[in-house]
Amino acid sequence: MTCDVTVPTKHTILVVDDQPENIDILRNILKHQYKVIAATDGQAALMLARRAKPDLILLDIMMPGIDGYCVCKRLKEHEQTAEIPVIFVTALGEERDESRGLEVGAVDYLVKPISANIALKRIKAHLALHYQQQLLELEVDKRTSELAHTQLEVVKRLGRAAEYKDNETGMHVQRMSRYSHALALKAGFSQKQAQLILTAAPMHDVGKIGIPDHILLKPGKLTPEEWKIMQAHVDIGLDILSGACSELLALAAVIVATHHEKWDGTGYPKQLKGEQIPLVGRIVAIADVFDALTADRPYKKAWATEDAIAFINEQSGKHFDPHIVRLFNESIEDILQIKEQFKDEPDIVIATDG
């Protein structure tokens, strides 16, 4: 296994003490094995720790202004410095003082006057432990990334399976998922949440895998009995995704369950109305319908873009959430750009003699 953690040729140690003579003592102990930087007050220590990112901090407690306990607590609260090991070096030798130091995040506690030999051994041990923790975190990140990638591949391939069954191209889910992503960002979702929607949206019709071909691919209008069978693809999709523990698949299940609901309560499967429908379901509903209207299907030819936009607006307050319709109109340039970028490839006709 190759890891990206590099062992520095000389570790950097930040010494923090309001007494320059104490800094000099520690500098003389450390200088042959480590690079030493110093600060004489808590505020300077916080700034230097964020800028220099030392490998370990030796921190006095009794300082004017911000004391060592407060400095350590702030270091642990800041993302850039939270993982830096802190060892208190102080004249406070009571058990309660050491206990408080460990409670605010220090890894060790040395009482002045310190033994050079003990200090060097403690520092060496904590630097080695910190390095091993970094290696472990890298390995965990690697495994987590691999698991997420595998999960994403499963989602994509299940989505593709539904497309093949439904006689649609992969461009449908590319477009509608990107429409959903654009609308989610416009609706105030974070980048991370919008990315989850982008990834989960292709699963919206996965249940069509279980619908008979003579219904799914019928070129004409479905009978009431056939339409009832078609609607069952929602329950089939939920059966496929049921029991999923991951955030991604749980979101996909919400999309499957609610993207056919309508704002006025006339949708299916549960006739949810208004804000009873999760926001992500309302977003994917518009994205899916707009793409369905503007693409060829077995039962219809593609609508002109302007006609599809007019339909979305006409259905505001009926099929669609009026607020999401407004966001759709505000995002129309981005949506049309996506539509063009991921347009269906034309069928290739091979000419033969005769």
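Residues numbered from 1 in each chain as written. Predicted model: local features only at pLDDT ≥ 70, side-chain atom pairs only at ≥ 80, totals over all residues. Heavy atoms only, no water.

What about the pairing of strand β5 (residues 108–111)?
One face of the sheet, then the other: side chains in a regular strand alternate in exactly this way. Selection rule: For two strands to be treated as a pair, DSSP must find no fewer than two bridges joining them. Here a helix means four or more residues in a row that DSSP labels H or I, a strand means two or more in a row labelled E, and each is numbered from the N terminus. A clockwise path from the first strand over the helix to the second, with the strands pointing away from the viewer, defines a right-handed crossover.
As paired elements, strand β4 (residues 86–90) and β5 share four bridges and run parallel to each other. Bridge pairing links Val89 to Leu110 in β5. The handedness of the β4 to β5 crossover, carried by helix α4 (residues 95–103), is right-handed.

A few points about the pairing of strand β3 (residues 56–59)
To be explicit about the condition: Think of it in three bands: residues with accessible area under 20% of the maximum for their type are buried, residues over 50% are exposed, and the middle band is partly exposed, with areas taken using a 1.4 Å probe on protein chains only.
Here β3 shows a buried face lined by Leu56 and Leu58 and a second buried face lined by Ile57 and Leu59. Of the pairings in the sheet, the one linking β3 to β4 comprises three bridges and is parallel in character. Each residue of the ladder has a partner; that of Leu59, found in β4, is Phe88. Remark: the β3/helix α3 (residues 68–77)/β4 crossover connection has right-handed handedness.

Side note on the sheet that holds strand β2 (residues 35–39)
Just so we agree on the cut-off: Axis definition: a line fit to C-alpha positions, over the contact stretch in the case of helices; interaxial angles, taken between N-to-C directions, run 0 to 180 degrees. Working rule for contacts: check all heavy atoms of both residues, and any pair within 4.5 Å makes them a contact.
An order of β2-β1-β3-β4-β5 is seen for the five strands of this open sheet, with the pairing classed as parallel. Bordering the open sheet on either side are β2 and β5, each of which pairs with just one other strand. Adjacent strand axes in the sheet meet at a mean angle of 20°, parallel and antiparallel pairs treated alike. Sheet strands in contact with helix α1 (residues 20–30) are β1 (12–16), β2 and β3, and its direction is about 170° off that of β2. Strands in contact with α3 are β3, β4 and β5; relative to β4, the strand with the most contacts, it is inclined by about 175°.

Comments concerning the pattern of salt bridges
Operational definition: Salt-bridge detection follows one rule: a side-chain nitrogen of Lys or Arg within 4 Å of a carboxyl oxygen of Asp or Glu.
According to the stated counting rule, one finds 11 salt bridges in the structure shown. Note that Lys218 and Glu226 form a salt bridge whose closest N and O atoms lie 2.7 Å from each other. Classification of Lys218 as partly exposed rests on a relative accessible area of 21%. Among the residues examined, Glu226 registers a relative accessible area of 15% and is labelled buried. Measuring nitrogen to oxygen at the nearest pair gives 2.8 Å for the salt bridge that ties Asp321 to Arg282. Placement of the pair is Asp321 in the loop between α13 (305–314) and α14 (322–330) and Arg282 in helix α12 (residues 279–293), with a sequence separation of 39 residues. Across the pair, exposure class does not vary: Asp321 and Arg282 are buried alike. Because the salt bridges share partners, they merge into one network encompassing Asp17, Asp60 and Lys112.

Observations concerning the confidence of the model for the protein
Basically, it comes down to this: You can read pLDDT as the predictor saying how much it trusts each residue, on a scale of 0 to 100.
Taken residue by residue, the protein gives an average pLDDT of 87. The fraction at 70 or more is 87%. Between residues 347–354, whose pLDDT stays under 50, and residues either more than four places distant or in other chains, the model counts zero contacts.

Description of α13
For clarity, the threshold we go by: It is the directions from the helix axis to the C-beta atoms whose arc is reported.
For α13, the complete set of buried residues consists of Ala308, Ile309 and Ile312. An end-on view of α13 places all buried positions within 100° of arc, on one side of the element. For α13, the secondary structure elements touched by its buried residues are α12, α14 and α15 (332–341).

As for the side chain of His181
By the element assignment, His181 lies in helix α6 (residues 170–186). Looking at His181, the relative accessible area reads 18%, which means it is buried. Once residues lying within four places of it in the same chain are set aside, the contact partners of His181 are Ala194, Gln195 and Leu198.

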